[in-house]
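Residue-level structure breakdown
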Amino acid sequence: MKITKITPIAISLPMTKQLKMAGVVFNSSDNVLVKVETDNGLVGWGEASAAPTMTGETVESMMAALRYLTPHFIGRNPSEFNKNLAFMDFRLYGNASAKTVLEMALYDITGKNLKKPVAELLGSVKRSSIPVLWMLASGKLDEDISDSKQKLDEGFTSFKIKVGSNPIDQDIDRAINVRELVGKKVQLSSDANQGWNKDDAIGFVTGVGDALSFIEQPILGSDVDGMADIQKSTVVPIGADEGLHSIKDIEHHKQKGAAQGGSLKMIKLGGVTRAYEAACLCEELGMNVNMAGKVAESSISSAAVMHISAAAPSLNWGLSITKQYVAKDLVHNPVIIKSGQALLPEGFGLGVEVNEEVVQELAINK
């Protein structure tokens with residue numbers, strides 16, 4: 001089986017509602033897809049969001065990176081994952097999101113060829129339904145309370161409040177009020193997306209006390225010492241997100257006492273393989289794992305996140321797929337969320353069937 005064609009496609013996904021995080025407002029999500037074809041008639045798909053503040057990549061740079069890699073990958077075997085990753089790194093430094101898109105499609109093709117789901121290609125299916133972490137990202141207490149009530153009724157047991165855009169006292173008030181509503185048994189976290197300095201972060205963690213289950217990336221991901229100081233200021237576990245781009249980053253946070261867990265994203269780590277390896281490392285180090293996609297991605301990327309989560313050793317900080325925030329999905333059979341649980345797609349590869357008519361409708365020229 002050899003790769004014969006690679007087609008990158010830039011798209012803009014409309015979202016169901018406005019999301020606000022660390023001062024940035026999202027009404028749509030600019031993503032990149034890739035369609036890979038092989039000489040035995042198979043087609044695989046990948047997807048990733050542009051995340052300039054997280055990976056340094058834009059839609060334009062991802063499209064350029066994929067066009068640059070394309071001639072080097074024609075004729076290669078898509079199933080040789082480690083060799084293909086090493087070849088990507090040899091040909092192009094960085095560009096983790098672009099590499100994620102391509103590798104995801106190679107997993108999709110290989111699963112279809114071997115008649116196996118991606119989770120089995122990684123190891124084994126340890127779980128087929130996973131609690132979904134629902135974002136509370138309006139920045140307004142009344143809307144957060146309303147969303148929380150609705151999602152509790154639907155069966156959700158895990159929530160994350162986006163903080164860092166409002167004054168600290170307002171974010172503290174939101175967190176405490178939502179906790180009072182959802183009760184002690186529900187997992188409730190917050191995520192500042194690097195939105196504070198260290199003093200503000202310490203003010204927040206001190207103010208919320210033990211109301212939260214964990215607090216994610218309160219300050220710049222590069223400030224590992226500052227993260228360690230914040231962790232010393234609270235009994236609540238601190239989690240890293242923007243600070244985790246490699247295996248070494250995870251080990252460094254553990255050694256410094258800067259995080260008790262982290263949000264693992266393919267676009268930071270460079271693909272399916274490395275996100276799974278990071279989850280295995282966290283298990284070895286005794287660190288908590290939240291497996292996540294970027295806001296917002298369709299069921300293509302969300303299916304990939306699901307497969308990694310299904311194969312991961314543990315997932316005690318939940319699952320953050322994001323297809324539920326997309327107003328129009330890109331597949332005929334979207335990932336199902338039922339009673340607050342995401343169900344692992346059935347079928348081979350990623351297990352989703354891309355609707356190319358919708359892809360073309362949402363495509364943008366880049």
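Reading guide: rules and limits
Residues numbered from 1 in each chain as written. Predicted model: local features only at pLDDT ≥ 70, side-chain atom pairs only at ≥ 80, totals over all residues. Heavy atoms only, no water. Core = buried A, V, L, I, M, F, W, Y, C linked by side-chain atoms within 4.5 Å. Buried < 20%, exposed > 50% of the residue type's maximum accessible area, 1.4 Å probe, protein only. Helix = DSSP H or I, 4+ residues; strand = E, 2+ residues; numbered from the N terminus. Contact = heavy atoms within 4.5 Å. Pairing = 2+ DSSP bridges. Right-handed = clockwise from strand over helix to strand, strands pointing away. Phe/Tyr/Trp six-rings, centres within 6.5 Å; stacked < 30°, edge-to-face > 60°. Lys NZ or Arg CZ within 6 Å of the ring centre and 35° of its normal. Salt bridge = Lys/Arg side-chain N within 4 Å of Asp/Glu carboxyl O.

1. Details of the nonpolar core
Ranked by internal contacts, the top residues of the largest apolar core, which has 91 residues, are Phe 204, Leu 264, Ile 300, Leu 319 and Leu 330. The dominant element in this core, judged by the number of residues it contributes, is helix α12 (residues 299-311), at 8 residues. Not counting chain neighbours up to four residues away, the residues in contact with Leu 319 comprise Ile 130, Pro 131, Val 132, Leu 133, Asn 290, Met 291, Val 305, Met 306, Ser 309 and Ala 342. Ala 10, Ala 51, Leu 69 and Ile 267 belong to the second-largest nonpolar core, a separate cluster that totals 28 residues.

2. Some details on the sheet that holds strand β14 (residues 341-343)
The strands that make up a sheet pair up through hydrogen bonds in the backbone, lying either parallel or antiparallel. Spatial ordering of the open sheet is given by β4-β14-β13, a layout of 3 strands whose pairing is antiparallel. In this open sheet, the two strands that pair with only one neighbour each are β4 (129-131) and β13 (337-338). Strand direction decides the pairing type here: β13 and β14, joined by 2 bridges, are antiparallel. Within β14, the residue paired with Ile 337 across the bridge is Ala 342.

3. What to know about the pairing of strand β7 (residues 187-191)
Of all 5 residues making up β7, 5 are buried, and the element is well covered by its neighbours. Of the two faces of β7, the one lined by Gln 187, Ser 189 and Asp 191 and the one lined by Leu 188 and Ser 190 are each fully buried. Handedness of the crossover is the feature at issue here: the chain leaves strand β6 (residues 158-162), passes through helix α6 (residues 168-182), returns alongside β7, and the resulting connection is right-handed. Pairing of β7 with strand β8 (residues 214-216) involves 3 bridges; the strand directions are parallel. Its bridge partner being in β8, Ser 190 is matched across the sheet by Ile 215. Crossover connection from β7 via helix α7 (residues 198-208) to parallel β8: handedness right-handed.

4. Structural notes on the packing of aromatic side chains
This structure, assessed with the given rule, holds 6 aromatic pairs. Ring plane angle 65 degrees and centroid distance 5.4 Å describe the contact between Phe 73 and Phe 87, whose orientation is recorded as edge-to-face. With Phe 73 in helix α1 (residues 59-73) and Phe 87 in helix α2 (residues 81-91), the pair connects residues that are 14 residues apart, well separated along the chain. For Phe 87, a relative accessible area of 17% translates into the label buried. An aromatic cluster is built from Trp 134, Phe 156 and Tyr 325, whose rings are joined through pairwise contacts. One residue, Arg 76, lies across the ring of Phe 87, its end atom 4.1 Å from the ring centre. Here the basic side chain of Lys 151 rests over the ring of Trp 134, its NZ or CZ set 3.9 Å away from the ring centre.

5. Some words on the pattern of salt bridges
The final tally for this structure, using the stated rule, is 16 salt bridges. With a closest N to O distance of 2.5 Å, Asp 89 and Arg 274 form a salt bridge. Placement of Asp 89 in helix α2 and of Arg 274 in helix α11 (residues 272-285) is noted, with a sequence separation of 185 residues between them. By relative accessible area, Asp 89 is classed as partly exposed at 33%. Across the pair Lys 160 and Glu 216 runs a salt bridge whose closest N-O atoms are separated by 2.7 Å. One end of the pair, Lys 160, is in strand β6; the other, Glu 216, is in strand β8, with 56 residues separating them in the sequence. Here Glu 216 falls in the buried class, since its relative accessible area comes to 2%.

6. Considering unusual backbone geometry
Across the junction of Val 295 and Ala 296, the peptide omega takes the value -10 degrees, indicating a cis bond. In the Ramachandran plot, Asn 193 falls in the positive-phi region, its phi being about 45 degrees despite a non-glycine side chain. Inspection of the secondary structure assignment puts Asn 193 in the loop between β7 and α7. When its relative accessible area of 15% is taken as the criterion, Asn 193 is described as buried. We note that Gln 217 has phi near 35 degrees; this positive angle belongs to a residue other than glycine. Here Gln 217 is to be found in the loop between β8 and α8 (224-232).

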